[in-house]
Amino acid sequence: MAIQKLLSLLFSQLVLFLLFLDLTNSQGLQVGVQVGLGLTTSQGLQLGFYSQTCPNAESTIHDMVQQFISSDRTLAAPLLRLHFHDCFVRGCDGSVLLNSTSTNQAEKDAVPNQTLRGFNVIDAIKSAVEKECPGVVSCADIVALAARDSVAMVGGPSWVVATGRRDGTVSRASEALAQLPSPFANINQLKQNFSAKGLSVKDLVVLSGAHTIGIGHCFVIINRLYNFTGKGDTDPSLDPAYAAQLKTICKPGDNTTVVEMDPGSSTLFDADYYNVVATRRGLFQSDAALLNDIQTRVYVTLQSSTNGITFAQDFAQSMVKLGNIGVLTGNQGEIRKQCAVVN
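Let us look at the structure shown here. (Residues numbered from 1 in each chain as written. Predicted model: local features only at pLDDT ≥ 70, side-chain atom pairs only at ≥ 80, totals over all residues. Heavy atoms only, no water.)

**Points about the overall build of the protein chain**
Part 1 of the reasoning: Assigned secondary structure in the protein chain consists of 14 helices and two strands.
Part 2 of the reasoning: The buried share of the protein chain, reckoned over its 343 residues, is 49%.
Part 3 of the reasoning: Restricting the contact set of the protein chain to residue pairs at least 6 apart, pairs at least 24 apart contribute 73%.
Part 4 of the reasoning: Total accessible area on the protein chain is roughly 15,400 Å²; 56% of this is exposed by carbon and sulfur atoms. (Helix = DSSP H or I, 4+ residues; strand = E, 2+ residues; numbered from the N terminus. Buried < 20%, exposed > 50% of the residue type's maximum accessible area, 1.4 Å probe, protein only. Contact = heavy atoms within 4.5 Å. Areas by Shrake-Rupley, 256 points an atom, 1.4 Å probe, with all protein chains shown as cover.)

**Some points on the packing of aromatic side chains**
Part 1 of the reasoning: Inspection of the entire model under this criterion finds eleven aromatic pairs.
Part 2 of the reasoning: Each ring, one from Y274 and one from F311, has its centre 5.2 Å from the other, and the planes form 75 degrees; the classification is edge-to-face. Linking Y274 in helix 11 (residues 272-278) with F311 in helix 14 (residues 311-323), this pair joins segments that are 37 residues apart in sequence. The residues Y274 and F311 share a single accessibility class, namely buried.
Part 3 of the reasoning: One aromatic cluster is present, built from ring pairs that chain together W159, F269, Y273, Y274, Y299, F311 and F315. (Phe/Tyr/Trp six-rings, centres within 6.5 Å; stacked < 30°, edge-to-face > 60°.)

**Quick notes on the pattern of salt bridges**
Part 1 of the reasoning: The final tally for this structure, using the stated rule, is ten salt bridges.
Part 2 of the reasoning: Between E58 and R148 there is a salt bridge, with its nearest N and O atoms 4.0 Å apart. With E58 in helix 2 (residues 57-71) and R148 in helix 5 (residues 139-153), this pair connects stretches of sequence that are 90 residues apart.
Part 3 of the reasoning: Overall, E58 belongs to the partly exposed group, its relative accessible area being 28%.
Part 4 of the reasoning: On the accessibility criterion, R148 (12% relative accessible area) is buried. (Salt bridge = Lys/Arg side-chain N within 4 Å of Asp/Glu carboxyl O.)

**With respect to the packing of helix 3 (residues 76-87) against helix 5**
Part 1 of the reasoning: It is at 8 Å that the axes of helix 3 and helix 5 come closest, and there the two elements cross at 145 degrees. Handedness of the crossing formed by helix 3 with helix 5: left-handed. In contact with A76, L79, L80, L82 and H83 of helix 3, helix 5 contributes V143, A144, A146, A147, S150 and V151.
Part 2 of the reasoning: Of the residues that constitute the contact of helix 3 with helix 5, the class distribution is nine nonpolar, two polar and no charged. (Axes fitted to C-alpha atoms, helices over the stretch in contact; angles between N-to-C directions. Left-handed = near helix turned anticlockwise from the far one by under 90°. Nonpolar A, V, L, I, M, F, W, Y, C, P; charged D, E, K, R; others polar.)

**Regarding the side chain of E334**
Part 1 of the reasoning: Tracing the sequence through the fold places E334 in the segment after helix 14.
Part 2 of the reasoning: Although E334 lies buried, it forms no salt bridge, and the closest oppositely charged side chain, R336, sits 4.4 Å away as judged by the N-O distance.
Part 3 of the reasoning: From its side chain, E334 meets the backbone nitrogen of N343 in a polar contact 3.0 Å long.
Part 4 of the reasoning: In this structure E334 touches R166, D167, T169, V342 and N343, once residues within four positions along its chain are discounted. (Lys, Arg positive; Asp, Glu negative; His and termini not counted. Polar contact = N/O pair within 3.5 Å; in protein donor to acceptor, adjacent residues only side chain to side chain.)

Written out as structure tokens, the structure reads:
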């Protein structure tokens with residue numbers, strides 16, 4: 001009887017995987033037709049957009065990113081996160097880079113963005129590109145290309161980045177607070193966040209894999225460790241041994257200490273994140289939430305049991321979709337002279 005139950009379970013998981021694989025292939029085909037095989041995307045972006053107006057733009061950006069990553073590999077995660085946080089609010093328009101003014105609190109000062117890093121990298125790249133081609137290359141494109149290049153430089157996949165994004169002129173902290181996925185979110189909230197941006201459940205679980213690099217701050221997980229339901233308890237979805245380990249690092253009231261999201265390989269882009277989640281060691285509640293939905297759980301199980309058999313390809317495809325969200329093209333927006341201020 002026990003063997004029959006096990007075989008039944010395995011068969012169910014295989015069916016789900018095959019369905020999931022079909023969805024994967026369909027999505028990959030759509031992305032390939034839209035970006036990999038054509039010159040212009042349906043959003044108005046174009047491969048090699050700067051080939052005539054600033055032919056060395058992409059190589060300059062690549063070389064600058066390489067300089068920074070060579071001296072500090074931990075910058076890859078912040079550069080990727082900048083792109084994600086930019087695209088999730090007003091689309092990929094560089095609005096996350098704008099400074100607040102006396103009359104407006106910008107996105108970068110919203111609570112979820114106060115731990116962002118990498119602005120200095122984008123500013124340095126922009127300065128270098130401006131010397132070559134003044135007023136041509138947008139900050140939004142620099143963010144998109146820097147994210148792609150930084151991931152590839154720490155062992156991750158590369159992907160095609162069509163360019164031609166224009167820079168937005170509006171940036172509101174309130175919108176960032178309302179639209180960015182929260183580390184405290186449950187699976188239904190995460191699905192809603194991603195669906196609102198035209199991203200699928202598969203994109204959700206794939207892009208969560210970005211947590212294979214980078215760090216989290218103790219203050220984000222303090223309640224999860226010490227007061228999850230207000231009764232001095234620990235989140236039961238967190239592996240008890242790992243919770244005990246985290247408690248030796250993160251103490252109540254600690255606002256400065258950081259923890260690797262993928263312990264032991266936080267500067268290497270691999271598929272180990274899914275092993276972490278599968279063994280209930282995801283740092284954030286949003287990581288643990290991936291086990292609470294059949295589609296996301298099947299994907300976590302697949303990647304953790306196959307050493308990330310499709311993760312690199314899937315991540316590249318989902319990043320193409322992310323980079324196409326709400327882009328400004330043509331005469332929309334502007335090309336900022338400095339990324340932190342509108343012209």
